[in-house]
Structure formats: structure tokens, C-alpha cells
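# Descriptive analysis of the structure
Here are the chains, one letter per residue:
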Amino acid sequence: MKILITGGAGFIGSHVVRLFVNKYPSYQIYNLDKLTYAGNLANLTDVEDRENYTFLKGDIVDAVFVEDIFSEHKFDAVIHLAAESHVDRSIADPLAFVQTNVIGTVNLLNTAKKHWAENLQNHLFYHISTDEVYGSLGEDGLFTEETPYDPRSPYSASKASSDHFVRAWFHTYGLPIKISNCSNNYGPNHFPEKLIPLAINNIKNERPVPVYGKGENVRDWLYVLDHARAIDVIFHKGKVGDTYNIGGVNEWKNLDLIELLCDQMDQKLGREQGHSRNLITFVKDRAGHDLRYAIDSSKLMDELGWKPSVTFEEGLSKTVDWYLENTEWLENVTSGHYRDYYEEQYTNR
Ligand code: NAD
Ligand code: TYD
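Residues numbered from 1 in each chain as written. Chains lettered and ligands numbered in written order. Predicted model: local features only at pLDDT ≥ 70, side-chain atom pairs only at ≥ 80, totals over all residues. Heavy atoms only, no water.

Put simply, the rule reads: UniProt positions are given in the numbering used here, feature names are shortened, and annotations may be inferred rather than shown by experiment.
Per an unreviewed UniProt entry, the chain carries the name dTDP-glucose 4,6-dehydratase and comes from Pontibacter cellulosilyticus. Comment text from UniProt for the chain, heading Cofactor (unreviewed entry), reads "NAD(+)".

## Describing the environment of Leu108
In plain terms, the rule: Helix and strand assignments follow DSSP, with helices taken as H or I runs no shorter than four residues and strands as E runs no shorter than two, numbered in order from the N terminus.
Mapping Leu108 onto the fold places it in helix α4 (residues 94-116). A C-alpha to C-alpha distance of 8.8 Å links Leu108 and Glu67, two positions 41 residues apart in sequence.

## Observations concerning the site of ligand 1
Spelled out, the test is: Think of it this way: one heavy atom of a residue within 4 Å of a molecule or strand is enough to make that residue near it. Think of a polar contact as two N or O atoms within 3.5 Å of one another; within protein, one of them needs to be a possible hydrogen donor and the other a possible acceptor, and neighboring residues in sequence only count if both atoms come from side chains. Surface exposure here means Shrake-Rupley accessible area, sampled with a 1.4 Å probe, where a residue is shielded only by the protein chains that are shown. Amino acids outside the nonpolar list (Ala, Val, Leu, Ile, Met, Phe, Trp, Tyr, Cys, Pro) and the charged list (Asp, Glu, Lys, Arg) are all regarded as polar, and Gly is one of them.
Around ligand 1 there are 29 residues in total, and Ile12, Asp33, Ser85, Tyr155 and Lys159 lie nearest to it. In the environment of ligand 1, a nitrogen atom lies 3.0 Å from a nitrogen or oxygen atom belonging to the backbone of Lys34. In this structure, Thr100 approaches ligand 1 through a side-chain N or O atom, which is 3.0 Å from a nitrogen atom. With the chains in place, 97% of the 830 Å² that ligand 1 exposes on its own is no longer accessible. When contributions to the shell around ligand 1 are tallied by element, the ones reaching two or more residues are α1 (11-23), β2 (28-33), β5 (124-130) and α5 (154-173). Of the residues in the shell around ligand 1, the class split is 13 nonpolar, 12 polar and 4 charged.

## Considering the packing of aromatic side chains
The cut-off we apply is this: Between 30 and 60 degrees the pair is tilted, below 30 it is stacked and above 60 it is edge-to-face, where a pair is any two Phe, Tyr or Trp rings, Trp via its six-membered ring, whose centres lie within 6.5 Å. Definition used: whenever NZ (Lys) or CZ (Arg) falls within 6 Å of the ring centre and also within 35 degrees of the ring normal, the charge is taken to sit over that ring.
Evaluated as defined, the whole model comprises 24 aromatic pairs. Relative to Tyr346, the ring of Tyr342 has its centre 5.6 Å away and its plane inclined at 15°; by these criteria the two rings are stacked. Linking Tyr342 with Tyr346, this pair stays in helix α12 (residues 341-346), spanning 4 residues, or about one helical turn. Site record: aromatic cluster; members linked through ring pairs are Tyr186, Trp221, Tyr223, Trp252 and Phe312. For Lys113, the ring lying beneath its charged end belongs to Tyr173, and the centroid distance is 4.3 Å.

Here it is, written out as C-alpha cells:
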């Protein structure tokens, strides 16, 4: 089987690529990535020389490029992760999110439909999405697969739009699709603009840890490897046309989470307990900041037998250890040196 994974140089995509390359040696895995600021091929050094792995540098918005790779490689399936993914950036530059998340997705759908027209039923377009499409919860309740869409940030609006297009290609053209909507991920290789890796980096360097508003917003955190495992299960066993919510049953108020992180890091760095909490700095709130996300993933658990493999304390501790051990990765990302990796490693191949 030939699988095109888009966005495979990013945070979640790199874990999905690694899992598929290692677990399914008979599959050919193609990683299509534009290498935006969020794409980092150093996330994949351990699989880059495998025979069943190929990197394709390109833009999902570029119709000619996408047509060319479908013609050349004749993919059987697509797992689509490429996206602009950061809410704060979407507030500053919404059009970039429309370009990649909406137009890029439609471009992939169109090309897949065209190339698979002869035997649609032997193919699959699996779209990776977010729980943020469901909007914001109050104190109670959980997002289920039936929760109406109510996106409120430019990021979530662009992802909601892409989900609608994927379903439209299923209903209108019969393209076999699956969608999963996952809660906030954390773990190794997370770009340090998102809350957890940013806080780890700042605590390590004794810099202020910015907490938006009063730190009362709630997120439902899932270890990234558990998301990759869920994608594997849904890809192989999920029902065509269906949606699956993925979440860790693991809600944390931002402030409580940051305090736990400070305490774990004080212990690991041999600092006095309470030391790093002094770095917590309340800053201006995010515009339109969604109060609470929380996922009901009982459909995925009951029908497909998936469940998270680590507790939050374990996952967070592993994540901190990874960042403390992989100082070169972090230094290359924060200095911008990671952007040279493609030229250094790939241009003479
Ligand atoms: P990321 O920002 O770390 O990675 C995105 C990747 O897509 C990068 O490698 C980037 O270079 C690539 N990319 C961006 N624009 C592209 C384009 N036009 N053409 C080709 N490649 C392009 O994102 P992530 O956190 O790994 O998220 C991956 C997917 O999972 C996204 O679709 C996101 O919406 C979804 N998701 C993320 C989370 C989360 O907590 N991070 C939760 C649920 C769902
Ligand atoms: P983030 O990691 O950007 O993910 P998302 O916005 O997709 O949930 O933010 C997680 C939560 O942390 C969110 O409520 C915003 C908050 N936050 C901070 O308080 N400080 C920060 O520096 C960042 C980046 C986020």
C-alpha cells in the first residue's frame, strides 16, 4: 500500500510517519511537506533512510505539484495532517489559514477524486482535524461526534471548513473518507510556540512563563503518541464516512497545568520546590479565547478499542525529559538553524 501523509515533518505528522514506517514495513510512506516554520525534518532523522520512506517537498495548495505526485506515485490512501495550526498566528494572519487549510484540502480532495475515479472504493482519504471546530464549552458537557460545529477562531473556522469539504466529497462524489477530531496534543517535537513546549523552554531558561488572562481556560490534553496510535486504529478499522473524536479524558486549567509543570521541572532540575512558579506571568488574554474544550471519545474506545496509554503526569514527565535531553533540537528550533536541515541533508541525494 502506498500512503501519502501530508504535514509529516510537523509535530503530530512526524509521529504518525514514524509509527507507520516502523510498524508497516510493507507500506510505502510518502511524506509531503512544505517545510513552513513548523516543518522540521530533524523530527524524522531515525527514519529518513528507510526504504519504505520518501520525502516530497511541496505545497498542498500547488495544484500542479499535487497532480504530479499523484500521477507519479499512484497513492492508495491519504492521511492529511498538513495545516497551519496555531490559533495566535491565525488571529494575526487568517488568510494563510484559508490558503492551506481550506484551499489546500480541496486541492487534495479534487486530485484524489480524479486519480481514484476508476475504483474509488479501494482508496481512502483520512482527514485529521481538531475538537476546536465544536466551539467552546461552559463548565459542563463534552464534545461528541454529534455536537454542532461552532468554530470561533480563524484557525478553527478554517479547520471546520475543511471538514465540511471532506464530507461534501464523500456525499457528492462518493470519495471514501474518514475524519477524526482530536483534543490538544503534547509531547516530543512540539514547536515551542504552543503552551507546553513554550513553558518548558522558558522554565528551563528561567524566563517568564506567559499565562493568558487568569489561566482559567481548560484544555483536554492527549500525549501525541496516543494520537498517532488512534490514527493508526481509525485508518485501519474505522468505518468509511464516519467521524471519530479523540481525547485523553484529561482536562486541565492552564494555570494548574503550568504549576504542575513548574513543580516537575524544579524536581528534575534540582531546584527548590516552588522556585519556577515565580516565573508565571499573567498577560493580556487572547482575543476570543475559547473557555473550555473536552472530548467524549467513547465511540473510538467502544467501537475500535483504543484508549490512552499514559496518564498526564507520566506523559508530561516524559515530555520534559525529552526536551531536557534534546537540547540541540530545541536550540536549532529557537535559533532557526533547523531550517537548513533540508538543504544540508537532502539536496545532494
Ligand atoms: P504543525 O504546525 O506542527 O505541523 C504542520 C505541518 O504541515 C508542518 O510540517 C508544515 O510544514 C506543514 N504544512 C503547512 N502548510 C503546508 C502546505 N501548504 N503544504 C504542505 N505542508 C504544509 O501541526 P500539528 O500540531 O502537527 O498538527 C497537525 C494536524 O493535526 C493539523 O491538521 C492540525 O489541525 C491537527 N490537530 C492538531 C492538534 C494539536 O494539538 N497540535 C490537535 C488536533 C488536531
Ligand atoms: P495553545 O497551545 O496555543 O493551543 P490551543 O490554543 O489550540 O488550545 O494554547 C493552549 C492554551 O494555553 C490556550 O488556552 C491558550 C493558553 N496559552 C497561554 O496561556 N500562554 C501561552 O503562551 C500560550 C501559547 C497559550
